[in-house]
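Spelled out, the chains give:
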Amino acid sequence: MRHEQIETNSALMLVLILLVISVGGLVEIVPLFYINETIEKVDGVRPYTPLEIRGRDIYVREGCYLCHSQQIRPFRDEWLRYGHYSLAAESQYDHPFQWGSKRTGPDLARLGGKYSNHWHVQHLVAPRSVVPQSIMPNYPWLLDNDLDYTDVDGRMRALRVTGVPYSVTQAEYDANVQKYGQAIADQLDITKAQDSLLKQAREKDFDGFPGRITEMEALVAYLQVLGTMVDFTQYNEGYFVEFR
Amino acid sequence: MSDNTNTPQPSGAVQTTGHAWDSDLQEYNNPLPRWWLWCFYGTVVFSILYWFIYPSWPVGNTWIKGFGTVEYTAVDKATGQEQGKEFRWNTRALLLEELGNAANDQQRKAMLAKVQAADYEQIAKDPKMMEFVRSVGKGLFGDNCAACHGRGGQGVVGMYPNLTDDDWLWGSSSDKIHETLVQGRKGFMPAFGQVLKPEQLDDVAEYVLTLSDEAPSSEDSERGKAIFQGQVGGCYYCHGADAKGIPSQGAANLTDKIWAIANVPAQKTLQDKKAVIKEFVAKGVNNTRVMPAWKDRLSPTDIKLLAVYVHQLGGAQ
């Protein structure tokens, strides 16, 4: 076909443009839905507990992702600074994922256990009280606001639709017991969501206010679990190479 | 609108698109320059070569993995042996190659092995090793510790201890610092707000101030001493009868002029100094002063290196 014919026929041109640009999407996005070979087979990755989900929602609500990524890339400098690169398996229950590439602040993918709960509370309320050079905003209201957890089971149901194995029926619960053990399976049970949220908050007291359950409680619970689910000492480095 | 023109161009001249605006405004129809076309064809050929070497198109439920390979060495964790391996090209294999082979990494690895093998005294005596510890330690400290202890290790009064002074809660030897890093520490002191009456808190605070010569001894401080050394307060149980602190408890030395938590130096009058001590003793410490454990986050060599680094920051020498 001569290019004059395309250039002078705008309907044809439109169709051809659509065809060409859809190749990118078809090749890059569609296969992700059925190529499962790239998801590493590792133990330990589990869905978030109800308290952690609420924390994640607050993380998204506050726009933390605008300054923080959660994806350590397989580069030497990132390896030395942050630790092991992120695995696909580690974000399989993240909807939406928090990978990102905007790093005004450091990557948070392996944050869990790095700092104390007390530090997190202090840092979120007033970052400059612990890191004088910080440009991170203050989030004092996280400690003032009581956590609204009345709709947490609805949030779990929504995630369940996307394939996260929160259980409703006894059979699903039993499957989770098999896979994650009883303690975790209890926390993944939608019918007991509020109870297990309260239980985790009271036991761990992430915000340092034993009598209250604040938004800070949930956010810190979430931050403290980031990147801690896979025990990397169990795997040889060469193992992860084979999934790419 | 334009009119079609049939005015033929003289042969050899550039052709026009064949229409004219305002009777005479015409548009050239230049062919693409040769060099440009060849560059374009070149990129097409390049992309095909690229498909052969690197992972590219998805096919069915897998993908074309490419013929490129990477050689890397990785430690087999079961046997502790280093194994060389060749694997198809991907960014993870590339990372392992880089970690093992890059010229500065070879040097770094050799130096790390040396630090790991040496004992603390040997490291301290070897200027080259110390230089290495300082440069690598600074980075490790910045990434992992500075958020709490500050860039230079100066800490935040009341919250995170200063690592550059002479006052150590858990002991100043490299071994003790190493232990601190491996297992983490948790400061704990009971709250005395309910146990002691306000007058008793006053007296015991007065006594604490006499220990570091902040206040002269008085009747009040003598009463405080009885509380400190007796069953009522039982402070001696953790801080020691000489109040110099007991490192295995992480209890502070109260006889020096260095304060980790109660910000005495910032207060001007004796009354204010007493007030901050009173307030602290009434509240105690529980769950707020937590030093995380690093054994699962950092390698044994990194921890050893950091122990030496912290030791040389100044305070522990």
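Residues numbered from 1 in each chain as written. Chains lettered and ligands numbered in written order. Predicted model: local features only at pLDDT ≥ 70, side-chain atom pairs only at ≥ 80, totals over all residues. Heavy atoms only, no water.

Between chain A and chain B, the contact holds 42 residues from the first and 41 residues from the second. With both sides pooled, the region where chain A packs onto chain B buries about 3,600 Å², and carbon together with sulfur makes up 56% of that total. One can count four salt bridges joining chain A with chain B. Its salt-bridge partner being A:Glu40, residue B:Arg92 comes within 2.8 Å of it at the nearest N-O pair. (Contact = heavy atoms within 4.5 Å. Buried area = accessible area lost by both parts, 1.4 Å probe. Salt bridge = Lys/Arg side-chain N within 4 Å of Asp/Glu carboxyl O.)

Residue and element names in this part refer to chain B. Note that strand 6 (residues 69-75) and strand 7 (residues 82-88) share seven bridges and pair antiparallel. From the neighbouring strand, Glu71 faces strand 7, where its bridge partner is Glu86. Connecting the antiparallel pair strand 6 and strand 7 is a turn made up of six residues, with Gly80 showing a positive phi of about 75°. (Pairing = 2+ DSSP bridges. Helix = DSSP H or I, 4+ residues; strand = E, 2+ residues; numbered from the N terminus.)

Let's shift gears to the packing of helix 3 (residues 50-61) of chain A against helix 7 (residues 152-161) of chain A. Residue and element names in this part refer to chain A. Contact geometry for helix 3 and helix 7: axes closest at 10 Å, N-to-C directions at 85°. Between helix 3 and helix 7, the interaxial angle falls into the category roughly perpendicular. Across the interface between the two elements, Pro50, Ile53, Arg54 and Asp57 of helix 3 pack against Val152, Arg155, Met156 and Leu159 of helix 7. Across the contact of helix 3 with helix 7, the residue classes break down as five nonpolar, no polar and three charged. (Axes fitted to C-alpha atoms, helices over the stretch in contact; angles between N-to-C directions. Parallel < 35°, antiparallel > 145°, perpendicular 65-115°, else oblique. Nonpolar A, V, L, I, M, F, W, Y, C, P; charged D, E, K, R; others polar.)

Before going further, it helps to spend a moment on the domain arrangement of chain B. As far as domains go, chain B holds domain 1 (1-44), domain 2 (68-104) and domain 3 (142-313). Taking the mean C-alpha position of each, domain 1 of chain B and domain 3 of chain B sit 85 Å from one another. (Domains from an automatic or database assignment.)

Turning to the environment of B:Pro55, a few remarks are in order. All names here are of chain B. Mapped onto the elements of the fold, Pro55 is located in the loop between helix 1 (34-53) and strand 4 (58-59). Residue classification places Pro55 among the partly exposed positions, given a relative accessible area of 30%. As a C-alpha pair, Pro55 and His19 span 36 residues in sequence and 49 Å in three-dimensional space. Aside from chain neighbours lying at most four places away, what touches Pro55 is Trp63, Ile64, Lys65, Gly66 and Trp89. (Buried < 20%, exposed > 50% of the residue type's maximum accessible area, 1.4 Å probe, protein only.)

That bond from A:His95 to A:Pro96 is cis: its omega, -5°, falls within 30 degrees of zero. Inspection of the secondary structure puts A:Pro96 in the loop between helix 4 (76-82) and helix 5 (117-125). Unusually for a residue other than glycine, B:Ser23 sits at a positive phi of about 70°. Within the secondary structure, B:Ser23 sits in the loop between strand 2 (16-21) and strand 3 (25-28). Positive phi, close to 60°, is recorded for B:Ala243, a residue that is not glycine. Looking at the element boundaries, B:Ala243 is found in the loop between helix 10 (236-239) and helix 11 (270-283).

Counting 69 residues, the largest nonpolar core has A:Val42, A:Tyr48, A:Leu51, A:Leu124, A:Tyr166, A:Leu219 and A:Leu223 as the members making the most contacts within it. When residues in this core are grouped by element, the largest group, seven residues, is from helix 11 (residues 215-223) of chain A. In contact with A:Leu51, not counting residues within four places along its chain, are A:Leu147, A:Leu197, A:Gln200, A:Ala201, A:Phe206, A:Glu217, A:Ala218 and A:Ala221. Ranked by size, the runner-up nonpolar core spans 27 residues in total, among them B:Cys145, B:Met291, B:Leu305 and B:Val308. (Core = buried A, V, L, I, M, F, W, Y, C linked by side-chain atoms within 4.5 Å.)

Segmentation of chain A into domains returns domain 1 (2-34) and domain 2 (50-242). Using only C-alpha atoms to locate each centre, domain 1 of chain A and domain 2 of chain A end up separated by 40 Å.

Before going further, it helps to spend a moment on the sheet that holds strand 1 (residues 3-4) of chain B. Residue and element names in this part refer to chain B. In space, the three strands of this open sheet follow the order 1-2-3, with antiparallel pairing throughout. Sheet topology places strand 1 and strand 3 at the edges, where each strand pairs with a single neighbour. Bridging between strand 1 and strand 2 involves two bridges; their strand directions are antiparallel. Counterpart to Asn4 in the pairing with strand 2 is His19.

Scanning all chains against the criterion turns up zero disulfides over all chains. In this structure B:Cys238 is a free cysteine whose sulfur lies 8.7 Å from that of B:Cys235, the closest cysteine sulfur available. (Disulfide = S-S within 2.5 Å.)

Bringing the pattern of salt bridges into the picture now. When their charged atoms lie close together, side chains carrying opposite charge are able to pair. Scanning all chains against the criterion turns up 31 salt bridges over all chains. Close ionic contact of A:Glu52 with A:Arg46 constitutes a salt bridge, the shortest N to O distance being 3.0 Å. Across the salt bridge formed by B:Asp220 and B:Arg223, the nearest N and O atoms sit 2.9 Å from each other. With B:Asp220 and B:Arg223 both in helix 9 (residues 219-229), this residue pair falls three residues apart, about one helical turn. The network of salt bridges with common partners includes A:Arg54, A:Asp57, A:Asp151 and A:Arg155.

Moving on: the confidence of the model for chain B. Reading predicted coordinates in detail is not appropriate for stretches of low pLDDT. For chain B, per-residue confidence averages 89 on the pLDDT scale, and residues scoring 70 or more make up 95% of the total. Two summary scores accompany this predicted model of the complex, namely pTM at 0.90 and ipTM at 0.86. (pLDDT = per-residue confidence, 0-100.)

Residues and elements named next belong to chain B. Note that strand 2 and strand 3 share three bridges and pair antiparallel. Within strand 3, the residue paired with Thr16 across the bridge is Tyr28. Turn length for the strand 2-strand 3 hairpin, with the two strands adjacent in sequence and antiparallel, is three residues, and the turn residue Asp22 shows positive phi of about 45°.

Residues and elements named next belong to chain B. Across all of its chains, the model carries 21 aromatic pairs over all chains by this definition. Seen in terms of ring centroids, Trp51 and Trp57 are 5.1 Å apart; in terms of plane orientation they differ by 75°. Their pairing is edge-to-face. Judged by its relative accessible area of 35%, Trp51 is partly exposed. Classification of Trp57 by relative accessible area gives partly exposed; the value is 32%. (Phe/Tyr/Trp six-rings, centres within 6.5 Å; stacked < 30°, edge-to-face > 60°.)

On to the side chain of B:Asp203. You can see B:Asp203 is positioned in helix 8 (residues 198-211). Filtering out sequence-adjacent residues up to four positions away, B:Asp203 remains in contact with B:Asp220, B:Ser221, B:Arg223, B:Gly224 and B:Ile227.

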